[in-house]
Amino acid sequence: MPHRTFAAFIFPSILAMLLFITLPIFSVMVQSMFIEHPAVLTTVENCGPFGGCTTETKVDTVAMAKLKAEAPMGQFAGLANYLNHNHLAIDDLREIFGTKSGFAEKVSSLMNLPFYRALAFTLTYCFVVTPLAMALGFCIALAVNTLPRLMKGPAIFVSILPMIITPLVGSLILSWMFNPEGIFGATLQWLANDPKLSLRASPVLTWIVILTYGVWTNGPFSFVVFYAGLQTVPMDTLESARIDGATRWQATRFVIIPHLMPLATFVALVQLMDNFRVFEPIVGFSAQANATSLSWMVYNDLVSQDAQQFGSAAATSVMTIIGVLILLTPVLIRTWRDFNRKVA
Amino acid sequence: MRRQPAGLRTLTTAFLTIWLIAAVFPFAWTVWGSFKVEADFFSRQTWWYAIEGLRTTQETGGPFTLGGYEGAWIKNEFWKPVINTLIVTLSVTGISLMVGTLGGYALARSGHRYAFWVLIAALVFRAMPHITLVSGYLLPFFQLNIWGFLPTTIIVLVAINQPFTLWMLHSFFLSIPKDLDESALVDGCTRFQAFRMVIIPVMWPGVITTGLFSFLLGYNDFAVTSMLLRQENQTMIPKIASFLGSIQNEGNVMFAVAAVVSATVPLFILVLFFQRQIVSGLTAGAVKG
C-alpha cells in the first residue's frame, strides 16, 4: 500500500490517539511540575461605629481569579510535587530509616504514607489476583471441557458474567453482600463470632474481600482463553502420551500445560498490566480508609470539588504511567520478537 | 477423552457447581433483593428476611415491592442517565468502528515497517490507566470550555478505545485473503473503492465482535464519564456512584440497588445474544496476538 493511501486511511484514528492520549500524557508531565497558587490573603480592618477595630484575614478572590487567569497551571515547582509528603515523601523516608526503630515499626510508618500505602495495595492486587485468577480460569476451563456438549453453552454463559459486569457495579453488588447487614457480612460475623466484624473496621478483611472480588472478576478472562486453547491441543500427542502409559495427571502436566504455556504468558502479562490500574473496586467497596490504589489517588485529587489538586494528581499519574511501562516492557519485547519472526 | 474415574468426576462436578454458583449467585441475590425493602435486604436480624420478605410484607402488603425501582426511575429520574448512556455508548461504538475499520484495514495491508510501530504505539496507549489520561484532560478542557458536554466525552472514549479496536480489526483483516481486494485493484478500483465494494461486505463478523467490546468499554466506563460530565448529563455508572453518596444517608439504598440491577440487565441480554462473538473475540486477541 502506498504511503499516501495508508496515511489517508489511518489519519482519523491517529489523530484521535494523538489528541486524546499522547497530548494528555505530555500535559500531565508538564502539569506535575506545577502546584496550585497559594491563597492570596488580604487583611481587612473593620472599624465599627463604636470605635473598636478588628482585623480579619480573608482570601482575596479577585486577586486569586487574576492569578488563575494569568497562569492557569499554577506556580512552577520543579519536582516538589513528586517529593512531598503525599508522594515519594523523601523527608519522611529519611526520618523512618534514620531512626533506630524495629522493622515492623518501619513498615507501619511506611504504610501511613499515602503513596506507599497505595503502591503496596496496587502491587499486592496485581501479583495476588493475577496468578490466582489464572489458576481459577484454568481449572474452570478443564472442568467445562469435560461437560457434555449440551451443557457447555449455559456453563460458559454463567462463567463469563463476572467478567462482563461493569467493574463498579460488580464491586457494589459484592460490597452490599459483605455489608454487616448483608448475607455474607452477617455470616462472617456469625462464623467469627464477632458482632463488630465489618469491612470498615477490619483492613485485613477489606483486602481479602477486594482480592476475592478481583479473582472472581478476572478468572473468566483466563477461562475463556484457556478454554479456547484446550480446543487446539493436538489429539495425536495426547493419544501417544496415553499409549505410552501416561496417567491423566501426566497428560495434563506434560502435554496440555506446555501447549497452553504461550497463552498463559500472554494472559499473565495482559492481566498484570490491567490489574495495575485497579480503581473501581476501591470506590465500589468504599474501601479508601483501608485500601487505596494509585489510580484511586489520582481520582481522589481530582474529585475534591473546591480545590482540585491538578499538580498532585499529575505527579501520581506520571508515576503510575512509569509503573505501567515497567510492566509493559515484557509485552513489548514479546510483540517485537513475534513480528520479527513473522518477517523473517 | 477417556471416561473420567468416578472420584475425579465427582471432584470436577463439585468444583464446577461451586464456581457456577459463585459466578451467578451475587447477581441472583441482588435481583431478588431489589424487590424487597431495605429492612429485608439489609436486615439487622437475619438475612433470611431477605428471602421471606417479612418486612416487605409488613411495609407494603406483599412479599415483593417495586419501591426501589419507583424511587430510582421516577423520583430520581434514572431514565435521564439511561438516555445519556444510550447516546454515549451507541455513538462511541459507531464512531470507533468507522474510524477503526479504516485504520485496521490500512494496518493489515500496509506491509511497511511503520505500520508495526503504529501497532506498538497502540499497545502502549492501551495500557495507559484511564484516570491518568483524565487528569491530563481536565485543565485543558476547562480552558477550552468544552468540559461537561456529551460530545467531548464521546470523542475521548472513542480515542481511548482506538488502540484496542485497531489491534482487533487489524488481526481480523489479516484473516481476509489479500487476493480479494488486490484483484479489485487490478480491475481498476482505487484502494477506497476496493475497501468499499469488496471488503465491507465480508467484514461484518469481525466488526460486530469488535463493536461489542467498544460497546462494553463505553458502557462500563466510570473514570472518564464521572470526571468529564456534569450532574445534568451524567451516564448511568457515575449516576449510581453519586446515588451512593446522597442516598445512603437518606436511607434509600434500595434506589441504588434497583438502579444497579437496571444497569446490569442490558449486559445480561448482550451476553445472552452475543456469547459466541464475545468468546471468539477474546480468544482471537489471545490466540493470534
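Residues numbered from 1 in each chain as written. Chains lettered and ligands numbered in written order. Predicted model: local features only at pLDDT ≥ 70, side-chain atom pairs only at ≥ 80, totals over all residues. Heavy atoms only, no water.

Overview of the domain arrangement of chain B
Often the size quoted for an interface is simply the accessible area lost on bringing the parts together.
Residue and element names in this part refer to chain B.
Thought 1: Here chain B is partitioned into domain 1 (20-65) and domain 2 (73-288).
Thought 2: Relative to domain 2, the C-alpha centre of domain 1 lies at a distance of 35 Å.
Thought 3: Between domain 1 and domain 2, the residue contacts involve 10 residues of the former and 9 residues of the latter.
Thought 4: The contact between domain 1 and domain 2 buries some 670 Å² in all, and 83% of this surface belongs to carbon and sulfur atoms. (Domains from an automatic or database assignment. Contact = heavy atoms within 4.5 Å. Buried area = accessible area lost by both parts, 1.4 Å probe.)

Considerations on the layout of surface pockets
Thought 1: Put simply, the second largest pocket is a space of about 1,000 Å³.
Thought 2: If you go around the second largest pocket, you meet 34 residues; those closest to its centre are Leu 142, Ala 143 and Thr 146 of chain A together with Gln 4 and Thr 12 of chain B.
Thought 3: Of all the elements in the fold, those that place two or more residues in the lining of the second largest pocket are α6 (114-145), α7 (149-164), α10 (203-231), α11 (235-243) and α12 (248-275) of chain A together with α1 (6-33) of chain B.
Thought 4: By residue number, the principal contributor to the lining of the second largest pocket is α1 of chain B, which donates 9 residues.
Thought 5: Within the lining of the second largest pocket, the residues separate by chemical class into 21 nonpolar, 8 polar and 5 charged. (1 Å grid on protein atoms, 1.4 Å probe; cavity = no way out; pocket = protein on both sides within 12 Å on 5 of 7 lines; lining within 4 Å. Points joined across faces, edges and corners; volume = space filled by probe spheres on them. Helix = DSSP H or I, 4+ residues; strand = E, 2+ residues; numbered from the N terminus. Nonpolar A, V, L, I, M, F, W, Y, C, P; charged D, E, K, R; others polar.)

Focus: a nonpolar patch on the surface
Residue and element names in this part refer to chain B.
Thought 1: The grouping of Trp 32, Trp 47, Trp 48, Ile 51 and Phe 64 at the surface amounts to a nonpolar patch, some 480 Å² of accessible area in total.
Thought 2: Inspection of the secondary structure puts Trp 47 in the loop between α2 (38-41) and α3 (48-52).
Thought 3: Trp 47 sits in the partly exposed class, given a relative accessible area of 30%. (Patch = residues over 30% accessible without salt bridge, like charges linked within 9 Å, V, L, I, M, F, W, Y side chains within 5 Å. Areas by Shrake-Rupley, 256 points an atom, 1.4 Å probe, with all protein chains shown as cover. Salt bridge = Lys/Arg side-chain N within 4 Å of Asp/Glu carboxyl O. Buried < 20%, exposed > 50% of the residue type's maximum accessible area, 1.4 Å probe, protein only.)

Describing the interface of chain A and chain B
Thought 1: Every contact between the two is made by 98 residues of chain A and, on the other side, 102 residues of chain B.
Thought 2: In total, about 8,900 Å² of surface goes out of reach between chain A and chain B, with carbon and sulfur atoms giving 79% of it.
Thought 3: When the area that chain A buries against chain B is broken down by residue, the three leading residues are Phe 9, Trp 176 and Arg 248 of chain A, summing to 10%.
Thought 4: The tally of links between chain A and chain B comes to 1 salt bridge.
Thought 5: For the salt bridge of Arg 126 of chain B with Asp 274 of chain A, the shortest nitrogen-to-oxygen distance reads 3.3 Å.
Thought 6: Here chain A and chain B share 13 residue pairs in polar contact (both at pLDDT 80 or more) between them.
Thought 7: Take the side of chain A that touches chain B: its biggest share by element is 18 residues, from helix α1 (residues 3-31) of chain A.
Thought 8: In terms of residue class, the side of chain A that touches chain B is made up of 70 nonpolar, 20 polar and 8 charged. (Polar contact = N/O pair within 3.5 Å; in protein donor to acceptor, adjacent residues only side chain to side chain.)

Topic: helix α6 (residues 79-110) of chain B
Residue and element names in this part refer to chain B.
Thought 1: For α6, with 32 residues, the first-to-last C-alpha span of 46 Å sits near the 46 Å given by 1.5 Å per residue.
Thought 2: Along α6, the sharpest kink reaches roughly 25°, centred on Gly 100.
Thought 3: One or two residues past the end of α6 sits Gly 111, with phi positive at roughly 80°. (Expected span 1.5 Å × (residues − 1). Bend = angle between axes of the 7 residues up to and from the residue.)

Points about the nonpolar core
Thought 1: Counting 190 residues, the largest nonpolar core has Val 144 and Trp 176 of chain A together with Tyr 137 and Phe 173 of chain B as the members making the most contacts within it.
Thought 2: Broken down by element, the residue count for this core peaks at 16 residues, all from helix α15 (residues 253-288) of chain B.
Thought 3: Built from parts of two domains, this core gets at least three residues from each of domain 1 (20-65) and domain 2 (73-288) of chain B.
Thought 4: With near-sequence residues (within four places) excluded, Tyr 137 of chain B lies in contact with Phe 20 and Pro 24 of chain A together with Val 156, Ile 160 and Leu 228 of chain B. (Core = buried A, V, L, I, M, F, W, Y, C linked by side-chain atoms within 4.5 Å.)

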